[in-house]
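So the chains spell out like this:
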Amino acid sequence: MTADILVIAAYFCAIFGIGLYAGRKQDSLESYALGNRSLPWWAILASIIAAEISAASFLGTPGEGFVLRNYTYVQLGIGTLLGRIIVGKLFLKPYYQYRVVSIYEYLEKRFGMATRRFASFVFLVSRVLASGTRLFFAGILLVIAYTFLTGSEHATEGETVVIYLAALTFITIVTAIYTTLGGLKAVVWTDVLQASILAVSVVTTIIFLLLGIMGEGSLADAWQSICATISDTSLNPCGHEPLQPWDVVDTGISATRSWAEDLRYILGSEYTLWSAFLGATFITMATMGTDQDMVQRMLAARDSRTGSRAVILSGVLDMPIVLIFLSCGMLVFVYFQKHGITPPEKAIEIFPYFIIHYLPAGLRGLLVAALLATAMGSLSTALNALATTATRDWYRSVFRPQASDRELLRAARWFTVGFSALLILVGSVTAWYSVKDPSIRILPIALGIFGYTYGSLLGVFLLGMLTRRRGSDCGNIIAMVSGFVAVITLELLCRRGVIPPIAFPWRVTIGTIVTMGVGLLFPTPQRDSAA
């Protein structure tokens, strides 16, 4: 355990050092929020990757590989790349043209103040809920570590909730400190460190797994063992039947089903080619183009071309990264089968259980540091974006229009502290819910929560960028509410069995279409058509 503690301690020393160094000469909200638009594209690229690989992805993607034993999840990478290309070519240029700090300022220039404030409010609520939910996942590892260290088979419900609360409180406080001190520069440069730790830890883990599977045999023997175990559909320890071993593409169309059954399957499945080309593309446009959290990194580049390069390259790297994480989960499955290990009942605990119980000291500490890095990387940018949006769109425009740069910087730092408390609250509620419902799955929650509101955000942004004389302040609010109501209504109808289930990748698509459709009914007043 000493080696593990030393590795983790070194990680924390490094991020605090970066935070203190990055915070030097910070004297305005723009320097706090955008790092004076001076960051290199490769650092922004690493920051985007680090933020995307949250604790949910770090634990959830190997869990999906373990349970499903196929690569159908990789299909979503098609949509993520298409969505990023659209963001890089369509969204960034007007953001740079108007020199916005909060991207919702663009909506004011295109439509009016009411649209800006409503969209900003939707983002603040959505981001608090989504980031707070993701925050809980970092505590899973510590719950398993507690049972490992105490020798108990299971922690009680009360002990589990307390551990979660302590873990997410500690992670949030530490992250808030370096984010408050260093702003976006600290966020990006710590993300570079965190992405490096993540890469080293995952590659090292895969090597360890391969060696454990290979044993005394050769690499060729290990490969045959992997193929045979993955392909054995009789092995089903978690109660999930794999689609087909080694599958990557699921078209959703089968010769044994009618077209109505195919449609029902496509809309109800999370990972098909249709959800990749449509659902994932709309999700990516929403999260990468209308979410202050992600766009803020791109605005830290010197121009739109540099920001575009970073976001598009992150999409190119997304698919191999997902492949690696899925492979890691599949290798854990083979490792467990080879060594007769019974996995935990909860799919979300499989990878952290492996980390705590079967990795050697030192490597275990590196994986724990990598998990903390993923949790803190996504959390730090969320805090910075929430504070920037609240300061720019509300504190300055509503309460203190004449505030000085120093005052705005101070307000942003206090907002960082306030949002940290809110995220702890949301994470605690999520932890309690997960303890009460052991069947909870990570990825649908982490990704699906955006589906209720981000379609409305994407719809109004696309309305502004793709049209010149459609959309108005009043009409946009009606449109955004309509998009939200449409998604909620479909969800309720699905739960009551009135209509077949609709998977989470389709929520943003539906919300966007409804929002744009309603928004197009309202013409832009002549005085507001400056964009």
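The notes below deal with the structure included here. (Residues numbered from 1 in each chain as written. Predicted model: local features only at pLDDT ≥ 70, side-chain atom pairs only at ≥ 80, totals over all residues. Heavy atoms only, no water.)

### A closer look at helix H16 (residues 363-399)
Then step 1. The end-to-end C-alpha distance of H16 is 51 Å, a good match for the 54 Å that 37 residues give at a rise of 1.5 Å each.
Then step 2. By the largest-angle criterion, Thr 391 marks the main kink of H16, which is about 35°.
Then step 3. Taken across its 37 residues, H16 has 32 buried, putting it largely inside the fold. (Helix = DSSP H or I, 4+ residues; strand = E, 2+ residues; numbered from the N terminus. Expected span 1.5 Å × (residues − 1). Bend = angle between axes of the 7 residues up to and from the residue. Buried < 20%, exposed > 50% of the residue type's maximum accessible area, 1.4 Å probe, protein only.)

### Comments concerning the pattern of salt bridges
Then step 1. This structure, assessed with the given rule, holds twelve salt bridges.
Then step 2. A salt bridge links Arg 297 to Asp 191, with the nearest nitrogen and oxygen atoms 3.7 Å apart. Note that Arg 297 is positioned in helix H13 (residues 292-298) and Asp 191 in helix H9 (residues 157-214), a separation of 106 residues in sequence. Per residue, the accessibility class of Arg 297 equals that of Asp 191, and both read buried. (Salt bridge = Lys/Arg side-chain N within 4 Å of Asp/Glu carboxyl O.)

### So, the nonpolar core
Then step 1. Among the nonpolar cores identified, the biggest contains 143 residues, and Tyr 11, Phe 58, Tyr 95, Phe 351, Phe 354, Met 376 and Phe 461 are the most heavily contacted of them.
Then step 2. Per-element tally for this core: the top contributor is H9, with 20 residues.
Then step 3. Those residues within four positions of Phe 351 in sequence are excluded, and the remaining contacts are Phe 58, Leu 59, Pro 62, Cys 328, Val 332 and Leu 367.
Then step 4. Formed by eight residues, the second largest nonpolar core is a distinct cluster that contains Leu 29, Tyr 32, Tyr 395 and Leu 409. (Core = buried A, V, L, I, M, F, W, Y, C linked by side-chain atoms within 4.5 Å. Contact = heavy atoms within 4.5 Å.)

### Concerning the packing of aromatic side chains
Then step 1. Going through the model one piece at a time under the given rule, you end up with 20 aromatic pairs.
Then step 2. Measuring from ring centre to ring centre gives 6.4 Å for Tyr 395 and Phe 415, while their planes differ by 80°; the resulting arrangement is edge-to-face. Of the two residues, Tyr 395 is situated in helix H16 and Phe 415 in helix H17 (residues 405-436); the sequence distance between them amounts to 20 residues.
Then step 3. Grouped by ring-pair contacts, the aromatic residues Phe 66, Phe 208, Phe 333, Tyr 335, Phe 336, Phe 351, Tyr 353, Phe 354 and Tyr 358 constitute a single cluster. (Phe/Tyr/Trp six-rings, centres within 6.5 Å; stacked < 30°, edge-to-face > 60°.)

### Considerations on helix H20 (residues 473-495)
Then step 1. End to end, H20 covers 34 Å across 23 residues, agreeing with the expected 33 Å (1.5 Å per residue, within 8%).
Then step 2. Within the sequence span of H20, burial applies to Gly 475, Asn 476, Ala 479, Met 480, Gly 483, Ala 486, Val 487, Glu 491 and Cys 494.
Then step 3. Phi turns positive, to about 80°, at Gly 497, one or two residues after H20.

### Observations concerning a nonpolar patch on the surface
Then step 1. Taken together, the side chains of Leu 82, Ile 85, Ile 253, Trp 274, Phe 277 and Leu 278 define a hydrophobic patch exposed on the protein surface, amounting to about 530 Å² of accessible area.
Then step 2. With three residues, the single largest contributor to the nonpolar patch is helix H12 (residues 273-289).
Then step 3. Turning to its location among the elements, Leu 82 is positioned in helix H5 (residues 76-97).
Then step 4. The exposure class of Leu 82 is partly exposed, given its relative accessible area of 34%. (Patch = residues over 30% accessible without salt bridge, like charges linked within 9 Å, V, L, I, M, F, W, Y side chains within 5 Å. Areas by Shrake-Rupley, 256 points an atom, 1.4 Å probe, with all protein chains shown as cover.)

Geometric values such as these leave the question of function open.
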